[in-house]
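# Summary of structural features
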Amino acid sequence: MIYEIFPKKISFNKINKYINKSRILKLINLICNKYNTDVAVNFSEKILRKGLYFSTKSGISISIEDAIIPKKKKKIILKGYKKIKNFKNKILNFPIIKKNKNININIWEKIDNKLEDLVLKVIYPKNSILNKINSIFFMLKSGARGSINQIKQLSGMRGLMIKANGNIIKNPITSNFREGLNMFQYFISTHGSRKGLSDTALKTANSGYLTRKLVDVSQDIVVREKDCGSNKGVVITNIIQDNEIIENIENRVFGRITSKKILDRKKKNIICKKNTIIDLNLFKIIKKEKIIKIEVRSPLKCKTYNGICSYCYGYDLSKRRLVSIGTTVGIIAAQSIGEPGTQLTMRTFHTGGIMSNIKTKLKSSIFCKYKGIVKFSKNLICVLKNKKIIVISKKSKIFILNSIKFILEEYELPLNCNLRVKNNSYIKSGKKLFSWNYSSNKIISKHSGIIKFKNFKKNKNYKKIINKITNEYVIIIKNKSIINYNKYIPKIKILYLNKNKLLYKKSTIKLNINNTILNVYNKQKISSGKTLAYIPKEKKSIKDIMGGLPRISELFEVIKPKNRSLISEIKGILKISKKVKNKIYITIKNKIEKRKYIINIKKKKLLFGNNEIINKGDFITSGNIYTPDILKNLGIKKLVFYIMNEIQNIYRTQGVKINDKHIEIILKQMLSKVEITKTKNFTYFKGEIENLNKILKINRKLILKKKKPIKYRNLLLGITKISLLKKSFMSSASFQETSKILTKASLFDKKDKLKGLKENIMIGKLLPAGTGNIINNYFKK
Ligand SMILES: [Zn+2]
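This write-up is about the structure you can find in this document. The shown structure was predicted, so the numbers you read here are calculated from the model rather than taken from an experiment. (Residues numbered from 1 in each chain as written. Predicted model: local features only at pLDDT ≥ 70, side-chain atom pairs only at ≥ 80, totals over all residues. Heavy atoms only, no water.)

When helices and strands are counted, the chain shows 24 helices and 35 strands. A total of 781 residues make up the chain; the buried ones form 41% of that total. Across the chain, contacts joining residues at least 24 apart in sequence account for 63% of those joining residues at least 6 apart. On the chain, roughly 46500 Å² of surface is accessible, and the fraction owed to carbon and sulfur atoms is 55%. (Helix = DSSP H or I, 4+ residues; strand = E, 2+ residues; numbered from the N terminus. Buried < 20%, exposed > 50% of the residue type's maximum accessible area, 1.4 Å probe, protein only. Contact = heavy atoms within 4.5 Å. Areas by Shrake-Rupley, 256 points an atom, 1.4 Å probe, with all protein chains shown as cover.)

Moving on, we get to the coordination of the zinc ion. Reference values for coordination geometry: four tetrahedral donors around a metal ideally subtend 109.5 degrees, six octahedral donors ideally subtend 90 or 180 degrees. Every protein donor of the zinc ion is listed here as C228 (SG), C302 (SG), C309 (SG) and C312 (SG), and their distances to the metal cover 2.2 to 2.3 Å. Around the zinc ion, the 4 donor atoms are arranged such that angles at the metal cover 102 to 114°; this shape is classified as tetrahedral. Here the donor residues of the zinc ion are spaced in sequence according to C-x73-C-x6-C-x2-C. Exposure remark for C312: the relative accessible area of 1% places this residue in the buried category. (Donors = N, O, S within 2.8 Å, 3.2 Å for Na, K, Ca; no water. Tetrahedral: all angles 85-135°; square planar, octahedral: opposite > 155°, others 65-115°.)

Backbone-to-backbone hydrogen bonds join strands into a sheet, with any given pair of strands oriented parallel or antiparallel. With respect to topology, 4 strands assemble into an open sheet ordered β31-β30-β29-β32, the strand pairing being antiparallel. Only two strands of the sheet have a single partner each, and these edge strands are β31 (594–600) and β32 (613–614). Strand direction decides the pairing type here: strand β29 (residues 572–580) and strand β30 (residues 583–589), joined by 7 bridges, are antiparallel. From the neighbouring strand, I576 faces β30, where its bridge partner is I586. (Pairing = 2+ DSSP bridges.)

Relative to the assigned elements, I400 resides in strand β15 (residues 397–401). For the pair I400 and Y426, spaced 26 residues apart in sequence, the C-alpha separation works out to 9.2 Å. Every residue in contact with I400, bar those within four places of it in the chain, is listed here: C368, Y370, G372, I373, V374, F406, I407, L408, E409, I427 and L433.

Two aromatic rings are characterised by how far apart their centres lie and by the angle between their planes. For the coordinates displayed, the defined rule picks out 4 aromatic pairs. Ring centres of Y53 and F54 lie 5.0 Å apart, and the angle between their planes is 85°; this geometry places the pair in the edge-to-face category. Look at Y53 and you get partly exposed, because its relative accessible area is 48%. Exposure remark for F54: the relative accessible area of 31% places this residue in the partly exposed category. Aromatic side chains Y81 and W108 sit 5.2 Å apart centroid to centroid with 75° between the ring planes, which places their arrangement in the edge-to-face category. Linking Y81 in helix α4 (residues 73–90) with W108 in helix α6 (residues 102–123), this pair joins segments that are 27 residues apart in sequence. W108 sits in the buried class, given a relative accessible area of 2%. (Phe/Tyr/Trp six-rings, centres within 6.5 Å; stacked < 30°, edge-to-face > 60°.)

The structure is reproduced here in structure tokens:
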């Protein structure tokens, strides 16, 4: 059917596949690349007609019978209740764990996931005939409506709910929509839906406001010339999270221009030269060669005055060719970021307050993709435990090499994971490399020897509790005072008796986490691989994970967070000097400098111990990161990397893809102001704020005249502030604080050169943008 309307010359094999929403998108993409846009428009038009015709003819509908409840459901839920009851009996004597609701939540999460799989199996049995396909499944699989989460609610269980304050209610809703809810369950679920309704009513306005702010800050960025001659760029790599590539490098660099030549992995042959556009051909080569690092031109490094050049921008994303002069890329960027913002607020409404976004994997394993030889990094330490190889070293890695020793794959081994392969062994693709359990947090001993306790003070830093089932004493670490104060941290020493019957220290383990449960007693003999202690899992609550629109707005506005994390300004050794009530005084010292800080330990946690080496830019305490801190101590590169990642992460969780260059354009504006720190030129004073581009221009002239250039400091300002500081008072006044700006403009006798788009709209002139002749006239005047 689709082949009929397909442009000729494309082979039938490309279409002879299962076609759903994403596949159709791919087909349109394919046509776009092969033919001009006219053909693609024609095809889309035809496919729309076909779709409408057949969907009317088929008359797909669903009934309550289609939501099939898995037969095993009752059993699974009973099992869950049993598990919790068992657990409660078991921990009756541990008052600390009893408080911990997470155990309940973990168990229900597991059951929830299990049911989800079951539901899928029930509505789509393996050998079902085409005309008997379940309509609900039909809608899901084609990508037309609904997600698996919604179907789970129809015929599985609704699952755990979230209270209005963001905490999780520990009793889940075990019934589904087909069975109906009882009074209690209905009451709980109203929390979520009410929140969803009020959110959509109140928060859509916020996302609209964000778009307006973004447009105002970037409206005057227009492509002004072809090449600004900048030879700097930004480095782009794969984005890796939890050992998985979530965004490929080739997708990220597609349509951009290289700022350096690209070499292949052997570093012998040149793939492409400087200033070449990464088109489809190059895209395929990069994918094939598995290049991991590419430097491309970026709006951030563009030298064009009052705008941007087409080389630094790259492809026009709607046309797939180099952007033409006169395109209003600033407004495109603002709209591309602002538009999906509405989706970010709607999410609570759609899921109806159901806990689904923090679905944690409880067990996970990594399989290798290519065949090759296994190599471990040198810092790997393993122990044997119940015939399993357990990794106990931090940050060790595993590599898969091919026959000429190129690294094909690279993974970081998580702590306590179970290693399934041997060093230097040859493996086939698809082999399990290692697996680990998220729920277990243990300290495992590297050595065998005798245990010795140190710094243990009864009822001060530990408690003894009898476990009634085993009748044994269990020690729980209780550290009410400062956690990092070295003197008081209880430690376990592992000693070893050598031939001369002398005791040697083998290793010391600090127990600096509250509620750690010990699994060993003093003077016990142990063998390597013994579990020494259990560390409690950190509490999870959606409240702390501030995501969505507020976070994006916070990043663009550069708001000082309430609980600001302390950043180290120098490299040096940390010393804890004294403690007064809730405050500790620390100093960071190196040979030249010394810095003093006071930390309120009631609000923040010290992340480093006494005598630890600290690098410049390390965050010393817990808390929220204030982005100008990164700029000041780590530089622009790290700052761009951080903000880019934060914003992309938020959008990614909603399945929204935004091209990096849109964010880069906004960042370019946020970084466009500098503060002058030292000057001999009398046109500027110390502390004055000026445009970066203007200062660079003046400095170039000064250097030519062999005079000292003006020294300055980069600033990161919020988008509102930047909009108000605009050169054009008309565009600023039309944004916010109108009367203040207008009085200022009249007092200082300001002139508006009418260079931006907004000013020209206001007075009814033609825009200095667009791909026609207008731009040429703009420069002539
Ligand atoms: Zn440029």
